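Examining the three-dimensional arrangement
Here is how the chains run, residue by residue.
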Amino acid sequence: MLIPLLEHELQNLLKSRRIYLTVTMFLLLFATVFIVRAIDFQKQINQYNDDVMLNDKDLREATNYSQIKPRAIQKPIIFSIFNEGFKIPRVITIQYYEPITNTMTLNEETNLLYNESTQLDITFLITFFLSLFILLISYDSVNGEKQVGTLRILMTYPLKRQSFILKKTLGVFFFVALTFTIPYFLSIMGITYHFVNVLSLNFFLSAIFYWFLVMLFIMFFSLLGIFISCCTTNPNRSLVYCLLVWIMFSIVLPISWDYIIAPRLYNDTLTQLSQGYRDKIMQAQRIMYNDVPDEANINLVGHMNWSGRHFFYETNVAGWKATHEQHHRYQMYIYENYFPVTRDAEQAYDEIQRKRIYMENVRNWVFFYNPIVLFNSLSAQITGNSREDLLRFLHTTRELRDELVNLGVSEEWLLDSRFFIMYELETDVMYNITDQYDLFMLIYEYAGGHGPLEDFFNEIGEERAVGYLQEMVSQQERYNMVLPRFRRYEQPIYTFSEIFARILQYLVVFVVSILVLWVMTWRKFLGFDVR
Amino acid sequence: MNQIILVKDIRLMFKDLKFQIFFLILVVLFILSAISSSVSFISKQKSFQNERNRFNDLVADGQHIQLIQLLQNRMLMVASPPSPAVLFSEYDNYPDIINTGIMFYEPEFSNNNIGLRRMFRLNWLFILGMIMGLMMLIMSFEAISQEKRAGTLRLLTINGVKRQSIIWHKYISYLILYLIVIIPASMTSMILFFALTGTWSMTFMLKFLLIILISIPFASFFVWLGIFISMSKNHRNTIVMVMFIWAFFVVIVPQAAIIIAKQVSSIKTVIEYREIREQARYDEMMRQAEEENDIMSLSFEDFFALLASNINVADEKKNQALQREIEENMRQTRMIRGIAGISPFMQFVNISEIVFDKGFYLLNFQQETTKQAINQIKNLMIEQDSRDETSHNLLYSYAYVQRLVFNRRGETPFSEELFEHPHLLFVTEIETDDVPSKIMEILMKLIPILVLNLVLMVGAVGKFERLDIR
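How each quantity is defined
- As a convention, each chain's residues are numbered from 1 in the sequence order in which they are written.
- Written order determines the labels here, with chains lettered from A and ligands numbered from 1.
- Only residues with pLDDT of at least 70 are given local features in this predicted model, and only at 80 or more are side-chain atom pairs given and counted; all residues enter the totals for whole chains, interfaces and linings.
- For the side-chain quantities, the full set of heavy atoms in the structure was used; hydrogens and water were omitted.
- The helix and strand labels rest on DSSP assignments: H or I over at least four residues marks a helix, E over at least two residues marks a strand, and numbering proceeds from the N terminus.
- Only protein chains enter the accessibility calculation, which uses a 1.4 Å probe. A residue is then buried if its area is under 20% of the maximum for its type, exposed if over 50%, and partly exposed in between.
- Whether two residues are in contact is decided by their heavy atoms: any pair within 4.5 Å suffices.
- Accessible surface is estimated by sampling points in the Shrake-Rupley manner with a 1.4 Å probe; for residues, cover comes only from the protein chains shown.
- Here, strands pair whenever DSSP counts at least two bridges between them.
- Note on aromatic contacts: the rings of Phe and Tyr and the six-membered ring of Trp form a pair at centre separations within 6.5 Å, being stacked when their planes are under 30 degrees apart, edge-to-face when over 60 apart, and tilted otherwise.
- Two conditions define a charge sitting above a ring: the NZ of Lys or the CZ of Arg must be within 6 Å of the ring centre, and it must be within 35 degrees of the ring normal.
- By salt bridge we mean one thing: a side-chain nitrogen of Lys or Arg within 4 Å of a carboxyl oxygen of Asp or Glu.
- Side-chain atoms within 4.5 Å link the members of a nonpolar core, which is a set of buried Ala, Val, Leu, Ile, Met, Phe, Trp, Tyr and Cys residues.
- The angle between two axes is taken between their N-to-C directions and runs from 0 to 180 degrees, where each axis is a line fitted to C-alpha atoms and a helix contributes only its stretch in contact.
- Orientation labels follow simple angle bins: below 35 degrees gives roughly parallel, above 145 gives roughly antiparallel, 65 to 115 gives roughly perpendicular, and whatever is left gives oblique.
- Take the far helix as your reference; a near helix turned counterclockwise from it by less than a right angle gives a left-handed crossing, and one turned clockwise gives a right-handed crossing.
- Think of it as three bins: nonpolar holds Ala, Val, Leu, Ile, Met, Phe, Trp, Tyr, Cys and Pro, charged holds Asp, Glu, Lys and Arg, and polar takes everything else, Gly as well.
- The definition of a polar contact used here is a pair of N or O atoms within 3.5 Å, where within protein one atom must be able to donate a hydrogen and the other to accept one, and adjacent residues in sequence count solely through side-chain atom pairs.
- pLDDT measures how confident the predictor is about each residue, on a scale from 0 to 100.
- Patch membership needs two things, relative accessible area over 30% and no salt bridge, and members are linked within 9 Å if like-charged or within 5 Å if nonpolar (Val, Leu, Ile, Met, Phe, Trp, Tyr).
- What counts as a disulfide here is a pair of cysteine sulfur atoms lying within 2.5 Å.

**Details of the overall build of chain A**
Within chain A one finds 17 helices and four strands. Counting across all 531 residues of chain A, residues that qualify as buried make up 56%. At a minimum sequence separation of 6, the contacts of chain A that also span at least 24 residues come to 83%. For chain A, the computed accessible surface area is about 23600 Å², with 58% contributed by carbon and sulfur atoms.

This is the structure:
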């Protein structure tokens, strides 16, 4: 009995003009969003390839540590076509003297003047439009039949009310599911065809799981529409109720939580945490610039400063050897005092992120009855665009940094980029020139024959100056470094079982709420006056 | 007779369940918006005050307004202070504060309120722009078809009421309804907001009233649209159409505008821009280095002056590159706004920006003000420089400070004098257009929506004339 009824229901749906209108609208939206997102993703892949090439080139051509700027590069997440989720930086340039957090430089196209992030992806389409679309299909499925009079005739058949409701629900469900599934799998096929290089098994698993979530979502809303249509006998009234419920679910309730309740609960803790983070950063800056003891203060000895073609030595205070020793002491000071504080700052940053993850989980539990909120957060987890993924990216980047530091921690690692130039030039000079006098003349010429260097030479005598230079040459090996072996950063991905374990609780809640809604609808229809 | 029809229409609408539910929702939303906006206003004010305190501390320190330090640091701040306009919209897509050095316009845009970024915020813009459009559509999408079904339309025409006057009364009664709903709720919200934040100003009250006045043509657009749709045969199909039209204007167009503009008028990545800037500077330095031949014959001081001036020129080149970068950003933003302008909702946003002196409208003026402030400060500094013998070379010294010296103790070739006008460094008053030209601009921006109204009106009236009401 059920199958002929289902067929009848589907046929009825197919005859309605309203359905064609909505399906056409949905398909148009789906196609537009998908194409735009796919183009965007292609752009991301191109940028990723450029970044990798640049990184490899840098590593290949580097002759000393100061020229190496290793980058942690993240592969673009293919599922961002379906769910943009939490925006994760794509490239982090590892700088040894700064904490690695989300605030690092990004290789992104960000408009300075207008920072609106778009959310127009397939997930938005589903949560915002598909829910509306289902409610618009199903708002008059029971009381509409009553108005036409067919409900009374149906009830004269030996048919349980339960199976009537089941048939109604399945009819709407199959119809909407089909409308979603066909373009969805077509687009998955398109992706498989076009982006072969970046595919993985995880993608297909995620794709199937995402589809499963959408099915649950559709089930919930078809039941909700039918439930509302059982509540009142007037279809116009149930339409208004449906729109009301939709506005509440998709806009009003989430907004009131985010802007009224959540700030009251968490703002103090968050301010405290971010204040702690800022304090750590300030402390680090104080250590770097203000609290340097005299024996490590490089401002007290000379620098070689370079601009364009000219560079100047100002070694009149201490001389080469003392200068080098002072620099060395400064770097040791930085390593011992500055580094631990930056690690603390990283910890503080992570704490903020963990608090935010906690907030998001609480939000999920508060909105356990609201599939729009649940679907948003669950799909972000599945597609690998959640805040957890950001944390993991940061963690692995820090691991890479630590690995590099451990490979050959040397003073040069810890230098500010402004000072690198000194070593670069010296090594250049020393690689190219063998005669010490040439070297001297070169530096002399570079200095323009003027300035402190001349005074210095005059002061200590040419012989002694050449002695210093000889010392420099003897230390040549110090600059002629053996580069450590670098491995290219590879983005770690959460395995599917990990993701599943994380979202299982919400999934159970989702299913339970669907069952509860089903029981409610069924009980409601038992008391529905079909006369 | 006409009055009777009008009163009847309004009474019918009052009895409508849709109206009652929507009225309830709107009142609740308006009150909630006042509460949430007051929270965000207070936190914004706090962070602005922090910024100001930080600045005052720096000034009191004295170190930071020494000329030499001023040249080194980014000390000039042009900020638009938080105002009760928050109740209407946060406008937080745009920077609040421009930090820049005092020699060149090299801005850093900072935004105090980057926090939760969601598509919808709870404020008047959300209620008046989004929910109100939907409400007017849903209220009016069966205006004619309901009367037709009930048979009252036939009776009215028999009684000799003109068709035109029927449709006009419908329209006017919906507008009156709109005002009845909006005015008390919004006034409550406004008073609540002023009470909660402890700020009251006549100007802002007038501005809020003005924005309600401006919202009328937008509401009327949706009413005409609803009436037009209500004349179709199957009214239940039309509701789908209505919902999609609304979603198209409110969500799809603004969002799609961003995506399209990013593809069409694309900007470079942050790193690429930085490289271009540095390259421009480096190229200029290299060019100068090739030109110089007889630097050997210069005295030490002259040599430094020459070098420093060269660096100055090179910095200017760098800043020109930065200017181009900002222009590209502006172009993209303008394109986003242009495409999004198709939607009346976004037009409403544009007009509100002019009313409240915020957002993209302010951004141009903010940049202009910053440039003016730089010029003013530079002149003052040169003037001060001319009075002091020890700081004979301020402009050149700048470059020298920037590139060639790391704060050596006790030996600076510059004056230790303080900058005499530290209050010029924190600008909060940004000059915008005067009132008449603002009104002109608002009227110009209202033209498209008025034309749309007119077209829909002509269409609806014409269609109703030919409508089969049997």
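**Re the overall build of chain B**
Looking only at helices and strands, chain B has 15 helices and four strands in total. Here chain B holds 470 residues, and the buried ones make up 57% of them. By sequence separation, contacts in chain B at least 24 residues apart represent 83% of the contacts at least 6 residues apart. Accessible surface, chain B: about 20700 Å² in total, of which carbon and sulfur atoms supply 59%.

**Quick word on the sheet that holds strand β1 (residues 76-79) of chain B**
Residue and element names in this part refer to chain B. Ordered in space as β3-β2-β1-β4, the four strands form an open sheet in which the pairing is mixed. Lying at the two open borders of the sheet, with one neighbouring strand each, are β3 (108-110) and β4 (426-427). By the bridge criterion, four bridges tie β1 to strand β2 (residues 97-100) in an arrangement that is antiparallel. Counterpart to M77 in the pairing with β2 is N99.

**Description of the pairing of β2 of chain B**
All names here are of chain B. Burial along β2 is two-sided: I97 and N99 facing one way and I98 and T100 facing the other are all buried. Pairing between β2 and β3: three bridges, direction antiparallel. Pairing of I98 across the sheet is with F109, part of β3.

**Focus on the packing of aromatic side chains**
For the structure on display, the rule yields 60 aromatic pairs over all chains. Measuring from ring centre to ring centre gives 5.1 Å for F217 of chain A and F221 of chain A, while their planes differ by 50°; the resulting arrangement is tilted. With F217 of chain A and F221 of chain A both in helix α7 (residues 201-231) and four residues apart, the pair spans about one turn of that helix. Taken individually, F217 of chain A and F221 of chain A each receive the classification buried, so the pair is uniform in this respect. For the pair Y277 of chain A and Y349 of chain A, a centre-to-centre distance of 5.6 Å together with 55° between the ring planes defines the contact as tilted. Here Y349 of chain A lies in helix α9 (residues 320-366) and Y277 of chain A lies in helix α8 (residues 235-290), a separation of 72 residues in the sequence. Residue class for Y277 of chain A comes out buried when judged on its relative accessible area of 13%. Stacked on the ring of F464 of chain B, the Lys or Arg R163 of chain B has its end atom at 6.0 Å from the ring centre.

**Regarding the pattern of salt bridges**
Between side chains of opposite charge, a pair can form when the charged atoms approach closely. The full count for this structure, using the stated rule, is 16 salt bridges over all chains. In this structure, the salt-bridge partner of E360 of chain A is R387 of chain A, at a minimum N-O distance of 3.0 Å. Linking E360 of chain A in helix α9 with R387 of chain A in helix α11 (residues 387-408), this pair joins segments that are 27 residues apart in sequence. Using a relative accessible area of 30% as the deciding quantity, one classes E360 of chain A as partly exposed. Relative accessible area serves as the criterion here: at 10%, R387 of chain A is assigned to the buried category. The partner of K44 of chain B in a salt bridge is E90 of chain B, and the shortest N-O contact between them spans 3.8 Å. Placement of the pair is K44 of chain B in helix α2 (residues 17-61) and E90 of chain B in the loop between β1 and β2, with a sequence separation of 46 residues. For the pair K44 of chain B and E90 of chain B, one class covers both residues: buried. Because the salt bridges share partners, they merge into one network encompassing R37, D40 and E84 of chain A.

**Concerning the nonpolar core**
Soluble globular proteins: nonpolar side chains tend toward being buried together. With 250 residues, the main nonpolar core has F88, W124, F126 and W246 of chain B as its most contacted residues. Take this core: its biggest share by element is 18 residues, from α8 of chain A. Those residues in contact with F88 of chain B that sit more than four places away from it in its chain are N123, W124, L125, L128, F208, I211, F348, S352 and F356 of chain B.

**Re the packing of α2 of chain B against helix α7 (residues 163-197) of chain B**
Residue and element names in this part refer to chain B. One way to put it is that α2 packs onto α7 with a least axis distance of 9 Å and a crossing angle of 25°. One finds that α2 runs roughly parallel with respect to α7. With respect to the hand of their crossing, α2 and α7 are arranged in right-handed fashion. Of the residues belonging to the contact of α2 with α7, the class tally is 18 nonpolar, six polar and no charged.

**Comments concerning the side chain of S140 of chain B**
All names here are of chain B. Following the sequence through the fold, S140 ends up in helix α4 (residues 124-140). Separated by 2.7 Å, the side chain of S140 and the backbone oxygen of M136 make a polar contact. In this view, S140 contacts Y174, F222, V223, G226, I227 and S230; residues no more than four positions away in its chain are not counted.

**Let's talk about the pairing of β1 of chain B**
Residue and element names in this part refer to chain B. The side-chain alternation of β1 yields two buried faces, one formed by L76 and V78 and the other by M77 and A79. Of the strand pairs in this sheet, β1 and β4 are connected by two bridges, and their pairing is parallel. Residue pairing across strands places M77 opposite F426, the latter belonging to β4.

**Some thoughts on the confidence of the model for chain B**
Residues and elements named next belong to chain B. Model confidence for chain B is summarised by a mean pLDDT of 82, while 87% of its residues fall at 70 or above. The element-level mean pLDDT for chain B is lowest in helix α14 (residues 394-404), coming to 56, with helix α15 (residues 435-465) highest at 92. The low-confidence segment residues 403-411 (pLDDT under 50) makes 22 contacts with residues lying over four places distant or belonging to another chain. Interface confidence in the predicted complex, given as ipTM, is 0.76; pTM for the same model is 0.80.

**A short note on a nonpolar patch on the surface**
Together, V435, I439, M440, L443, M444, I447, V451 and V455 of chain B make up a nonpolar patch on the protein surface, roughly 750 Å² of accessible area in all. Mapped onto the elements, V451 of chain B comes out in helix α15.

**Re helix α5 (residues 143-150) of chain B**
Every buried residue belonging to α5 of chain B is among A143, I144, S145 and E147 of chain B, and all of these are buried. Just downstream of α5 of chain B lies G151 of chain B, where phi reads positive at about 90°.

**Description of the environment of K358 of chain B**
Residues and elements named next belong to chain B. In this structure, K358 sits in the loop between α12 (344-356) and α13 (359-387). C-alpha of K358 to C-alpha of A261: the two residues are 97 residues apart in sequence and 22 Å apart in space. Every residue in contact with K358, bar those within four places of it in the chain, is listed here: S80, P81, P82, S83, A85, Y91 and E353.

**A look at unusual backbone geometry**
Residues and elements named next belong to chain B. Positive phi values are uncommon outside glycine, yet Y91 reaches one of about 50°. For D357, which is not a glycine, the phi torsion comes out positive at approximately 60°. On the secondary structure map, D357 appears in the loop between α12 and α13.

**Remarks on the confidence of the model for chain A**
All names here are of chain A. Across chain A, the average pLDDT comes to 76, with 73% of residues at 70 or higher. Mean pLDDT across the secondary structure elements of chain A bottoms out at helix α12 (residues 417-432), with 34, and peaks at α7, with 91. Between residues 445-452, whose pLDDT stays under 50, and residues either more than four places distant or in other chains, the model counts 15 contacts.

**What about the state of the cysteines?**
All names here are of chain A. Taken as a whole and judged by the stated rule, the model has zero disulfides over all chains. Cysteine C231 shares no disulfide, and the gap to the nearest cysteine sulfur, in C230, comes to 6.9 Å. C242 takes part in no disulfide bond, and the closest cysteine sulfur, belonging to C231, lies 9.4 Å away. Given the relative accessible area of 2%, C242 is considered buried.

**Thoughts on the environment of Q288 of chain B**
All names here are of chain B. Structurally, the position occupied by Q288 is in helix α10 (residues 270-291). What makes Q288 buried here is its relative accessible area of 7%. C-alpha of Q288 to C-alpha of N310: the two residues are 22 residues apart in sequence and 7.1 Å apart in space.

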